[in-house]
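Overview (structure and organization)
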Amino acid sequence: VPVAEAHPESAAANALAGEIAYRASRWSDAARFLRRSGPPADQPLLGFYLAVALFESGDRAGAATVLRPVLPRLQRTPYVEAYEAKILKP
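Scope of this entry: the structure provided in the associated data block. Keep in mind that this is a model prediction, so the values were computed, not measured.

**Thoughts on the pattern of salt bridges**
Summed over the entire model, instances satisfying the criterion amount to 8 salt bridges. Measuring nitrogen to oxygen at the nearest pair gives 2.6 Å for the salt bridge that ties Glu5 to Arg32. Taken together, the residues Glu5 in helix α1 (residues 2-6) and Arg32 in helix α3 (residues 27-37) connect sequence positions 27 residues apart. A relative accessible area of 36% means that Glu5 is categorised as partly exposed. Residue classification places Arg32 among the partly exposed positions, given a relative accessible area of 31%. A salt bridge links Arg32 to Asp29; the nearest nitrogen and oxygen atoms lie 2.9 Å apart. Of this pair, Arg32 and Asp29 both sit in helix α3, 3 residues apart, which is roughly one turn of that helix. Linked through salt bridges whose partners overlap, the residues forming this network are Glu5, Arg26, Asp29, Arg32 and Arg36.

**Things to note about the side chain of Ser37**
Relative to the elements of secondary structure, Ser37 occurs in helix α3. Its relative accessible area of 8% is what places Ser37 among the buried residues. Reaching out from Ser37, the side chain makes a polar contact with the backbone oxygen of Leu34 at a distance of 3.0 Å. Sequence-distant contacts of Ser37, that is, excluding residues within four places in its chain, are made with Ala11, Asn14 and Ala15.

**Thoughts on unusual backbone geometry**
If you check the backbone angles, Ser25 has positive phi at about 60° while not being a glycine. Looking at the element boundaries, Ser25 is found in the loop between α2 (11-23) and α3.

About the criteria used
- Residues numbered from 1 in each chain as written.
- Predicted model: local features only at pLDDT ≥ 70, side-chain atom pairs only at ≥ 80, totals over all residues.
- Heavy atoms only, no water.
- Salt bridge = Lys/Arg side-chain N within 4 Å of Asp/Glu carboxyl O.
- Helix = DSSP H or I, 4+ residues; strand = E, 2+ residues; numbered from the N terminus.
- Buried < 20%, exposed > 50% of the residue type's maximum accessible area, 1.4 Å probe, protein only.
- Polar contact = N/O pair within 3.5 Å; in protein donor to acceptor, adjacent residues only side chain to side chain.
- Contact = heavy atoms within 4.5 Å.

So this is what it looks like as C-alpha cells:
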C-alpha cells in the first residue's frame with residue numbers, strides 16, 4: 001500500500017495493493033487501487049475483483065459496467081455466479 005500510494009501511476013503496485021485490499025474485504029481501498037491500475041485486459045480476475053469491490057462499496061452500476069466485459073473470460077465458479085446474479089440482476 002505505501003508503494004501504491006507513493007506511485008499512483010504504477011499499474012503493478014496499484015493492482016497488487018488492490019488485490020490485497022480485496023482479499024482483506026477492504027472494499028473502498030480495493031476499488032481505489034484497482035481503478036488506478038486499470039485492470040489489464042489479460043487479467044480478467046482483477047476486473048472481477050474491481051466489480052466486487054465496487055458492488056460491496058455501494059456502486060452497483062459501476063460494478064455492472066466493469067463485470068460485463070470480463071465475465072466471459074472468468075472461470076465459472078459458484079462464487080463468480082453468485083456475484084454475477086447480485087450485480088447484474090434486473
